[in-house]
Amino acid sequence: MVTAWLQAGGGLTSAFRKCSLGGRDESAASGPRGRAAVAATTERPANRAGAGAPGVPRGGGAGRGGLMAYGALRGLLGLLLLGTLAARARPGAAEAGDGGWRWDGAAAAGAEEDPRCTVERRADLTYAEFVQRYAFLRPVILRGLTDNSRFRALCSRPRLLASFGDSVVRLSTANTYSYQKVDLPFQELVEQLLRPQDPASLGNDTLYFFGDNNFTEWEPLFRHYTPPPFRLLGTSPAYSFGIAGAGSGVPFHWHGPGFSEVIYGRKRWFLYPPEKTPEFHPNKTTLSWLQDIYPALTPSARPLECTVHAGEVLYFPDHWWHATLNLDTSVFISTFLG
């Protein structure tokens, strides 16, 4: 923002030009030689005592005033430049907090966050406690165990388009069994298919990018991801990366254990233990289930549920039923323990 303002010729820049040219605006020193003179005056080392400031007339109140203004402006510009460079050096600082993924159109109807959360959040969990209390018994949301700020920066919309825009990705229909597969360029997915979900759409009409990643092609991204440090004996991790529009999700299904981290956006989860089969239609979307079935559930029939935010990781045990609903355009990655 500072750089753009200076380049646009803000008042500070104009004043700096006048000081460096002895009270004349840079426009008076037109042509290459004039611009070279400006560069020379601004890049010289500080003068020794008794010497005049570069480009500032010696003697007289006006000259001394110009010298003082010149020095103050140079100092201020230096501070602004250092601040800009420091911001650019921080991972992800160049992107907005949503990574450029926010959709400017209308949000998906019904895709709203519910403040209730019946899944524990833990920020201080040890491996021994994870195995004893959660690994085989119930879900848990993990916080602060890893730092994926670098991975998050690389997952911003402009950076992913720059790195993988021409790559072909495979999409699945967003129903329980994901029957159909469609291949298309990643740029087309991002620019055309991440619109908010239509509540009337069926699962087999909705394409969803999750899994089916070409690991050789996406390895330059995945190598920057740090998965949760917990493992289960006899399993090995496998990544599954996804991006989805607001209101999209996958209806109830189950598989082996794993972790799911939200990189951008928010993802609402609904979970049932293996012995408690949820009431749902395999070709209806999670959004449709939330609007049509969820409100009629008795308290004892309701699932465990929570909204997982960026930087949080949800662990789900083996064979637990779960459905997901993206409340925003979301970027996420799962680590399956196969």
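Everything below is about the structure shown above.
A brief look at the structure comes next. (Residues numbered from 1 in each chain as written. Predicted model: local features only at pLDDT ≥ 70, side-chain atom pairs only at ≥ 80, totals over all residues. Heavy atoms only, no water.)

## Examining the sheet that holds strand S12 (residues 330–337)
Then, number 1: The sheet built from nine strands is open, its strands ordered S1-S2-S10-S7-S12-S6-S5-S3-S4 with mixed pairing. Pairing within the sheet leaves two strands with one partner each, and these edge strands are strand S1 (121–122) and strand S4 (181–185).
Then, number 2: Judged from the three bridges that link them, strand S2 (residues 140–142) and strand S10 (residues 313–316) form a sheet pairing that is antiparallel. By the bridge assignment, Val140 is partnered in S10 with Tyr315.
Then, number 3: In this fold helix H9 (residues 215–222) packs onto strand S3 (168–173), strand S5 (207–210), strand S6 (237–244) and S12, with an angle of close to 85° to the strand it touches most, S6. (Pairing = 2+ DSSP bridges. Helix = DSSP H or I, 4+ residues; strand = E, 2+ residues; numbered from the N terminus. Contact = heavy atoms within 4.5 Å. Axes fitted to C-alpha atoms, helices over the stretch in contact; angles between N-to-C directions.)

## Overview of the sheet that holds strand S8 (residues 266–272)
Then, number 1: Strand order in the open sheet formed by three strands is S9-S8-S11, and the pairing between neighbours is antiparallel. Of all the strands in the sheet, just strand S9 (304–309) and strand S11 (321–326) have a single pairing partner and so form its edges. Between one strand axis and the next, the sheet turns through 20° on average, direction left out of account.

## As for H9
Every α-helix winds through 3.6 residues per turn, so residues three or four apart in the chain are directed the same way.
Then, number 1: Taken together, the buried positions of H9 are occupied by Trp218, Leu221 and Phe222. For H9, the arc enclosing every buried residue in end-on projection is 85°, short of the 170-degree limit, so these residues lie on one face.
Then, number 2: For H9, the capping residue at the N-terminal end is Asn214, with a side-chain oxygen 3.2 Å from the backbone nitrogen of Thr216. (Buried < 20%, exposed > 50% of the residue type's maximum accessible area, 1.4 Å probe, protein only. Arc of directions from axis to C-beta. Polar contact = N/O pair within 3.5 Å; in protein donor to acceptor, adjacent residues only side chain to side chain.)

## So, the packing of aromatic side chains
Then, number 1: On inspection of all chains with the given rule, the structure shows 31 aromatic pairs.
Then, number 2: Judged by centre distance (5.6 Å) and plane angle (55°), the ring pair of Phe252 and Tyr272 falls under tilted. Taken as a pair, Phe252 in the loop between S6 and strand S7 (258–264) and Tyr272 in strand S8 lie far apart in primary sequence, 20 residues in all.
Then, number 3: Here Phe252 falls in the buried class, since its relative accessible area comes to 1%.
Then, number 4: Where Phe259 meets Tyr315, the ring centres are 5.1 Å apart and the plane angle is 50°; that geometry is what we call tilted. Taken as a pair, Phe259 in strand S7 and Tyr315 in strand S10 lie far apart in primary sequence, 56 residues in all. As far as burial versus exposure is concerned, Phe259 and Tyr315 are alike and both buried.
Then, number 5: Feature note: the residues Phe151, Phe164, Phe186, Phe209, Phe215, Trp218, Phe222, Tyr225, Tyr239 and Phe241 constitute an aromatic cluster, connected by ring pairs.
Then, number 6: Here Lys267 stacks its cationic end above the ring of Phe332, 3.6 Å away from the centre of that ring. (Phe/Tyr/Trp six-rings, centres within 6.5 Å; stacked < 30°, edge-to-face > 60°. Lys NZ or Arg CZ within 6 Å of the ring centre and 35° of its normal.)

## Things to note about the pairing of S8
Then, number 1: Taking burial as the measure, the seven residues of S8 include six buried ones, the bulk of the element.
Then, number 2: The pairing of S8 with S9 spans six bridges and is antiparallel. When the bridges of S9 are listed, Arg266 appears paired with His309.
Then, number 3: Pairing of S8 with S11 involves six bridges; the strand directions are antiparallel. Within S11, the residue paired with Lys267 across the bridge is Asn326.

## Some words on unusual backbone geometry
Then, number 1: For His319, which is not glycine, the phi torsion reads 65° and is therefore positive.
Then, number 2: Locating His319 in the fold gives a position in the loop between S10 and S11.

## A short note on the state of the cysteines
Then, number 1: Tallying each qualifying case throughout the model produces one disulfide.
Then, number 2: Here Cys117 engages in a disulfide with Cys306; their sulfurs sit 2.0 Å apart. Classification of the bridge connecting Cys117 and Cys306 rests on its S-S torsion, roughly -105°, and on that basis the disulfide is left-handed. Within this pair, whereas Cys117 is found in the loop between helix H4 (60–89) and S1, its partner Cys306 is found in strand S9, the two being separated by 189 residues in sequence.
Then, number 3: Taking relative accessible area as the criterion, Cys306 reaches 1% and is therefore assigned buried. (Disulfide = S-S within 2.5 Å.)

## Overview of the side chain of Glu261
Then, number 1: In this structure, Glu261 sits in strand S7.
Then, number 2: Although Glu261 is buried, it forms no salt bridge, and the closest oppositely charged side chain is Arg152 at an N-O distance of 8.2 Å.
Then, number 3: A distance of 3.3 Å separates polar atoms of two side chains, one belonging to Glu261 and the other to Asn148.
Then, number 4: Within the structure, the side chain of Glu261 is placed 2.7 Å from the side chain of Tyr225, a separation counted as a polar contact.
Then, number 5: Aside from chain neighbours lying at most four places away, what touches Glu261 is Thr146, Asn148, Tyr225, Gly311, Glu312, Val313, Val331, Phe332 and Ile333. (Lys, Arg positive; Asp, Glu negative; His and termini not counted. Salt bridge = Lys/Arg side-chain N within 4 Å of Asp/Glu carboxyl O.)

## Notes on helix H7 (residues 157–164)
Then, number 1: Those residues of H7 that fall on the buried side of the exposure criterion are Leu160, Leu161 and Phe164. Projected down its long axis, H7 carries its buried residues within an arc of 100°, all on one side. Exposed and oriented more than 90 degrees from the buried face of H7 are Ala162 and Ser163.
Then, number 2: Buried residues belonging to H7 abut helix H6 (149–154), helix H8 (186–192), H9 and S6.

## Some details on the environment of Thr226
Then, number 1: Position of Thr226 relative to the elements: it lies in the loop between H9 and S6.
Then, number 2: Placed 75 residues apart in sequence, Thr226 and Phe151 show a C-alpha to C-alpha distance of 8.3 Å.
Then, number 3: Sequence-distant contacts of Thr226, defined by excluding residues within four places in its chain, comprise Thr146, Asp147 and Asn148.

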